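# Commentary on secondary and tertiary structure
Here is how the chains run, residue by residue.
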Amino acid sequence: MSEPAPQIDDLTEWQRLDPRMLLVHPVKEITRFLVPLVAVFVAGQASGGGAPWELLGVLFPVALGLMRYLTTSFRIAGGRVELRRGLLDRHVLSTPLDRVRTVDLTASPIHRLLGLTTLRIGTGTIATGEDDELDLDGLPTERARALRADLLHAAPATEVDPDADLTPQPPVLTLDLAWLRYAPLTSSGAVVTAGLLGAAGQVFGATGGIEVDSRTWDLGMPGWTVVALGVVAIVVLVSAVSVLGYLVTNWEFSLTRGPGAWHLRRGLFTTRETSLDESRVAGVTVAEPLGLRLAGGGRLSAIVTGLGAGQAGSSVLVPPAPREVLVRVAGVVLGTDSPAHAPLTGHGPAARRRRWTRAVGTAGVLGAALAVAVLLAGGGWWAVLGLGLPLLAVPVAADRARSLGHALSDGYVVARSGSLARRRDHLDVDDVIGWNLRATWFQRRVGLTSLVATTAGGRQSVTILDVPEPQAVALADATLPHVVRQFLA
Amino acid sequence: MARFEDVDPTPTPTLREPGQRVSPRARLMWQISNLVEGVVSVAILGAAAAVWDAVDLTWWMATIGLLAVAVYVGVVPQWRYLVHRWEVTETAVYTQTGWWARERRIAPMSRIQTVDYAESPVARLFGLATVTVTTASAAGALQIAGLDRLRARELVDELTLRADAVEGDAT
């Protein structure tokens, strides 16, 4: 590295990041300051003064970038990673090597152009802000890879077998372009399109928009045709955006098993490599939102100890893909095929009835309120719409009732619930920290309880909804026998 | 502590309640704080209704309000007192809280990360304290409210000693 600044009292030296960042920082700063820069430019043009102001507008970001480079340094000493940054407000971030849970290598297009990458260390603390993240931005790609290997091996939780085969293994999973068909069925495409349409609307609004006079507006076709065409156009647009989004995010997706860790790689423009410490993978979740499920697909993510729900992006094991692929990868990651295949024990008639009363009952009350409101407002026959609401809830209730189930299979607690966003969690029994049994008066009356396994990863808990109490207690007892047995009646 | 041999191996196991109750003074504390809460809420609702003149205050509205406060003060704290229980053994902490929704939480001693002792200003008036036991899961904290202050202190010392005796980082 350039200009290492040796510390007298410590043999391990503070070092700067790669000097090529001097090129990256100004570009990033200029994009960040794009709006004020344009304003400065326009103001400069208007006042006729010109050059000096515009120059200042470019020099300022460059100076900021230089400052950032000069004031940031890191070292690995005494079993800790330390990152020092800031000019006026000095920050020293420090974390023990054995707390490293994940290592992320992210490279934006400009980083890739220069052969650099950003190394992010995930330690499992709930970071409160951008300043608390341990980012080494950036390092030469080869050096970052070597450092990642060192960091993951230094964590004592990973016991690497010295005789293990260190040659790269074939990936467990690589992206199949046929999976693109699932992209339009995810909600992300719709969200992005809505955002784009909203932004476009803002621009139109700001520029005066298109004046439409509904009396003279005539497209030469009936109104219904226009509406139908509009719907088709939106569907095509959403699908296109979804497919593009899927490609950009998951281009060259691959999941590989390295010594003691899982490596995930993906991204078209910005590449991202995530390494998950193998011993921290507490389980996997199969998410099957309704759209994907109807097409026979789903998504797989890992429950990683120390990674909260906020860092969920780091734990996607399989992007939207066919069910068989999810189940196969789940088997490989868990080290056993049975949990993902295990037949689930249903929760009985009382639990199913509860799904029905909760879905249809709620919709019925809402629908009735809507009907009354419409009638009071003089809407007349439109009140019938309110009665349609419970009808819509019927298939949801039936599906929710059918989804309920749990199992204890080969050392994993398996739980499934939900309809529109159905999920099946597989959690290692050793990662169950405790059990919560929650029951309202209604649930107690019919002998049900919601059983919650608490854990240190992902969403922090796995809920088994509305289990008959004896089954719940038996399951808790089977997973933590030395703990639960003493409290049995 | 019930030994396994004593347990009848029935096919329908049930959890028993934790052994210890919280301090009876907790009931009085909950009654008084619920009374204050209830009266303030009803007063705010009444004042808002009078100021904005949205609805005509009728006798039955006032009756419902007073009835709700009466139940909140007369029934809920007693119910909660009957539900709130806790137990600490060599290997685990077991709590039961709530009233309408009852929640039982069991955490192994080996997974305990921190033991918190807190006295809110109101609790201090009654010589009570709250002990919170946290684990590595954000969903797994066990809270025992309304403990006698001295008893709570003892409990904290006991839990700290026992949790310390276990190796590992409790995740």
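Residues numbered from 1 in each chain as written. Chains lettered and ligands numbered in written order. Predicted model: local features only at pLDDT ≥ 70, side-chain atom pairs only at ≥ 80, totals over all residues. Heavy atoms only, no water.

Moving on: unusual backbone geometry. All names here are of chain A. Of note in this structure, Asp410 is not a glycine but carries a positive phi near 50°. The topology assignment puts Asp410 in the loop between strand S15 (405–409) and strand S16 (412–417). One non-glycine residue, Asp466, lies in the positive phi region at around 50°. Checked against the element boundaries, Asp466 lands in strand S20 (residues 461–468). (Helix = DSSP H or I, 4+ residues; strand = E, 2+ residues; numbered from the N terminus.)

This part takes up the pattern of salt bridges. Residues and elements named next belong to chain A. For the structure on display, the rule yields 29 salt bridges over all chains. A salt bridge links Asp466 to Arg355; the nearest nitrogen and oxygen atoms lie 2.8 Å apart. Taken together, the residues Asp466 in strand S20 and Arg355 in helix H11 (residues 348–376) connect sequence positions 111 residues apart. Arg355 carries the same exposure label as Asp466, and that label is buried. (Salt bridge = Lys/Arg side-chain N within 4 Å of Asp/Glu carboxyl O. Buried < 20%, exposed > 50% of the residue type's maximum accessible area, 1.4 Å probe, protein only.)

As a further point, take the domain arrangement of chain A. Residues and elements named next belong to chain A. For chain A, the assigned domains are domain 1 (254–346 + 404–487) and domain 2 (348–401). Each of domain 1 and domain 2 was reduced to a C-alpha centroid, and the two centroids are 31 Å apart. Counting residues at the interface gives 12 residues for domain 1 and nine residues for domain 2. Both faces considered, domain 1 and domain 2 share a buried interface measuring about 960 Å² in area, 51% of it formed by carbon and sulfur atoms. Our enumeration of links across domain 1 and domain 2 arrives at three salt bridges. Here Asp466 ties to Arg354 by a salt bridge, and the two come within 2.9 Å at their closest N and O atoms. At the surface where domain 1 touches domain 2, the tally comes to five residue pairs in polar contact (both at pLDDT 80 or more). (Domains from an automatic or database assignment. Contact = heavy atoms within 4.5 Å. Buried area = accessible area lost by both parts, 1.4 Å probe. Polar contact = N/O pair within 3.5 Å; in protein donor to acceptor, adjacent residues only side chain to side chain.)

Another point: the UniProt feature "transmembrane region" (unreviewed entry) in chain A. Residues and elements named next belong to chain A. UniProt marks residues 53–70, 182–204, 224–248 and 356–375 with the feature "transmembrane region" (unreviewed entry), using the numbering shown here. When the span residues 224–248 is considered, its composition is 100% helix and 0% strand, and the gap between its end C-alpha atoms is 36 Å. Between the C-alpha atoms that bound residues 356–375 there is a distance of 27 Å. The span itself is 100% helix and 0% strand. (UniProt positions renumbered as here; feature names shortened; annotations may be inferred.)

Cross-referencing UniProt, the feature "domain: YdbS-like PH" (unreviewed entry) maps to residues 83–158 of chain B in the present numbering. Between the end C-alpha atoms of residues 83–158 of chain B the distance is 24 Å, and the span holds 21% helix and 54% strand.

A ring pair, where both rings are aromatic, is described by two values, the distance of the centres and the angle of the planes. Residues and elements named next belong to chain B. Evaluated as defined, the whole model comprises six aromatic pairs over all chains. Consider the rings of Trp79 and Trp99, whose centres lie 5.7 Å apart with planes at 65°: the pair is edge-to-face. Placement of Trp79 in helix H3 (residues 76–83) and of Trp99 in the loop between strand S3 (92–98) and strand S4 (101–108) is noted, with a sequence separation of 20 residues between them. With relative accessibility at 26%, the residue Trp79 sits in the partly exposed group. With relative accessibility at 27%, the residue Trp99 sits in the partly exposed group. (Phe/Tyr/Trp six-rings, centres within 6.5 Å; stacked < 30°, edge-to-face > 60°.)

This paragraph deals with the domain arrangement of chain B. All names here are of chain B. When its domains are assigned, chain B resolves into domain 1 (25–79) and domain 2 (84–164). The interface is formed by eight residues belonging to domain 1 together with 11 residues belonging to domain 2. Here domain 1 packs against domain 2, burying approximately 930 Å² in sum over the two surfaces, 77% of which is carbon and sulfur. Broken down residue by residue, the surface that domain 1 buries against domain 2 is led by Arg25, Met29 and Trp79, which jointly contribute 61%. For the interface between domain 1 and domain 2, the tally reads one salt bridge. The salt bridge partner of Asp148 is Arg25, with a shortest N-O separation of 2.7 Å. Taken together, the links from domain 1 to domain 2 amount to three residue pairs in polar contact (both at pLDDT 80 or more). Those elements that place two or more of their residues in the side of domain 1 that touches domain 2 are helix H1 (25–52) and H3. The dominant element in the side of domain 1 that touches domain 2, judged by the number of residues it contributes, is H1, at six residues.

A word on the sheet that holds S16(A). Residues and elements named next belong to chain A. If you walk across this open sheet you meet the six strands as S14-S13-S12-S17-S16-S15, and the pairing is antiparallel. At either margin of the open sheet sits one strand with a lone partner, and together these are strand S14 (316–322) and S15. The sheet shows a mean angle of 15° between the axes of neighbouring strands, direction not considered. Two elements, S16 and strand S17 (residues 421–428), share six bridges in a ladder whose sense is antiparallel. Bridged to Arg416 within S17 is Arg424. Set on the sheet, helix H14 (residues 469–479) makes contact with S15 and S16; between it and S15 the angle comes to about 25°. (Pairing = 2+ DSSP bridges. Axes fitted to C-alpha atoms, helices over the stretch in contact; angles between N-to-C directions.)

So, about the environment of A:Val103. All names here are of chain A. On the secondary structure map, Val103 appears in strand S5 (residues 102–107). Distance in space between the C-alpha atoms of Val103 and Pro319 is 20 Å, their sequence separation being 216 residues. Other than its neighbours up to four places away in sequence, Val103 contacts Leu119, Arg120, Arg148, Leu151, Leu152, Glu273, Thr274 and Ser275.

Time to look at the nonpolar core. Residues and elements named next belong to chain A. Formed by 33 residues in total, the largest nonpolar core has its most connected members in Leu255, Leu300, Leu317 and Val318. Contributions of two or more residues to this core are made by helix H7 (223–250), strand S10 (261–266), strand S12 (281–289), strand S13 (297–304), S14 and helix H9 (323–334). Among the elements that take part in this core, H9 stands out by supplying seven residues, more than any other. Every residue in contact with Leu255, bar those within four places of it in the chain, is listed here: Pro171, Val172, Leu173, Trp262, His263, Leu264, Leu317, Val329 and Val333. Core analysis: the next-biggest nonpolar cluster, separate from the first, contains 27 residues, Val429, Leu437, Leu475 and Leu480 among them. (Core = buried A, V, L, I, M, F, W, Y, C linked by side-chain atoms within 4.5 Å.)

Once that is clear, we can look at the confidence of the model for chain A. Residue and element names in this part refer to chain A. For chain A, the mean per-residue pLDDT works out to 81, and 85% of the residues sit at or above 70. Low confidence marks residues 1–11, where pLDDT is under 50. Its contacts with residues over four positions away, or in another chain, come to 20 contacts. Confidence over residues 156–165 falls short of pLDDT 50; this stretch has 10 contacts with residues more than four positions distant or in other chains. (pLDDT = per-residue confidence, 0-100.)

How large an interface is tends to be reported as the accessible area lost when its parts come together. Chain A puts 35 residues into the contact, and the matching count from chain B is 35 residues. Taken as a group, A:Ile433, A:Gln486 and A:Phe487 account for 24% of the area that chain A buries against chain B, more than any other trio of residues on that side. The interface formed by chain A and chain B includes two salt bridges. The shortest N-O distance in the salt bridge between B:Glu103 and A:Arg438 comes to 3.0 Å. For the pair chain A and chain B, the interface holds 17 residue pairs in polar contact (both at pLDDT 80 or more). When residues of the side of chain A that touches chain B are traced back to their parent elements, those giving at least two are strand S18 (434–440), helix H13 (441–445), H14 and helix H15 (481–484) of chain A. Alignment of S18(A) against S4(B), held across six bridges, turns out to be antiparallel. Paired with A:Ala439 across the bridge in S4(B) is B:Arg102.

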